[in-house]
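Spelled out from the first residue to the last, the chains are:
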Amino acid sequence: KYFIKMHFTDFKNYLLKIKDYKLPGHDYLLKIAPPARIKHLKNNIIPKDSKTASVLMLFYPDSNNETRLVLMLRNKYKGVHSNQISLPGGKVDRLDKSLKDTALRETNEEIGLNKDDISIVGELSSVYIPPSNFNVFPFVGYSSKTPKFVPDSKEVSLILSPKLSYILGMDIVESVVEVNNATQKVPSFLIDNHILWGATAIIIHEFVLLFKQMVNS
């Protein structure tokens, strides 16, 4: 039933109950984790010198009141996350009052959305990213109106807005990606012919598992 169109109001009603459900947890995320991440997920290994970041899974209604998710394709640059699909977010700033504030500030800076138009309803499991040594804390939220995106041209090359029905039906496939000038095979999702893998895929996979649990309960 989750592969059919879901009116945004119905989706929001599910989303508002997200804190009533237990997160699937890291053991359920191993199918989508890159090989190098599996031991970190299994044992929750987080180095003491890791940096902290937060991201936002933001849903909104389109003109037909279908639910969509906001994703970004990052620009090419000298860094481990160059040209990758990601959720809006980034590292904690010393002026941020909380991890939630970090996610909202970064969302504003990267895609131009005002924090007053966003409601945060819950959190997902944190995910450690070995290549960049970041521990990422994901938040889930929504905007009740269709946003007008203003992407930061320095960071964002493209905004992707897949429908919830597509996200819930995605299959895990094997893709070849480049990391630190070397190629490797990783489990992934495909969105508009773009490869979605790594921490962002892990976070989205956990949300999909959680949402299906909510709909079926």
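Placed above this text is the structure.
Residues numbered from 1 in each chain as written. Predicted model: local features only at pLDDT ≥ 70, side-chain atom pairs only at ≥ 80, totals over all residues. Heavy atoms only, no water.

> Lay out empty space enclosed by the protein in plain terms, naming residues and giving numbers.
Taken as a whole, this structure holds one cavity of 30 Å³ or more when the rule is applied. The calculated volume of the largest cavity comes to roughly 70 Å³. His26, Arg37, His40, Leu41, Asn44, Ile45, Ile46, Ser126, Val127, Tyr128, Asn135 and Ile202 are the residues that line the largest cavity. Looking at the lining of the largest cavity, its residues break down into six nonpolar, five polar and one charged. (1 Å grid on protein atoms, 1.4 Å probe; cavity = no way out; pocket = protein on both sides within 12 Å on 5 of 7 lines; lining within 4 Å. Points joined across faces, edges and corners; volume = space filled by probe spheres on them. Nonpolar A, V, L, I, M, F, W, Y, C, P; charged D, E, K, R; others polar.)

> Can you lay out the sheet that holds strand S4 (residues 85–86) for me, pointing to particular residues and giving the numbers?
Strand order in the open sheet formed by three strands is S4-S3-S9, with antiparallel pairing between adjacent strands. Each edge of the open sheet is held by one strand with a lone partner, namely S4 and strand S9 (156–160). Across four bridges, strand S3 (residues 71–74) lies against S9 in antiparallel orientation. Opposite methionine 72, over in S9, you have isoleucine 159 as the bridge partner. (Pairing = 2+ DSSP bridges. Helix = DSSP H or I, 4+ residues; strand = E, 2+ residues; numbered from the N terminus.)

> Tell me about the pairing of strand S8 (residues 134–142), and please be specific about residues and values.
Burial of S8 is extensive: eight of the nine residues sit out of reach of the surface. The pairing of strand S1 (residues 51–61) with S8 spans nine bridges and is classified as parallel. In the sheet register, methionine 57 faces S8, and the bridge partner there is valine 140. Two elements, strand S6 (residues 119–123) and S8, share four bridges in a ladder whose sense is antiparallel. Among the inter-strand pairings, isoleucine 120 is bridged to a residue of S8, identified as glycine 141. Where strand S7 (residues 127–129) meets S8, three bridges bridge the pair, whose relative direction is antiparallel. Bridge pairing links isoleucine 129 to phenylalanine 134 in S8. Turn length for the S7-S8 hairpin, with the two strands adjacent in sequence and antiparallel, is four residues, and the turn residue asparagine 133 shows positive phi of about 60°. (Buried < 20%, exposed > 50% of the residue type's maximum accessible area, 1.4 Å probe, protein only.)

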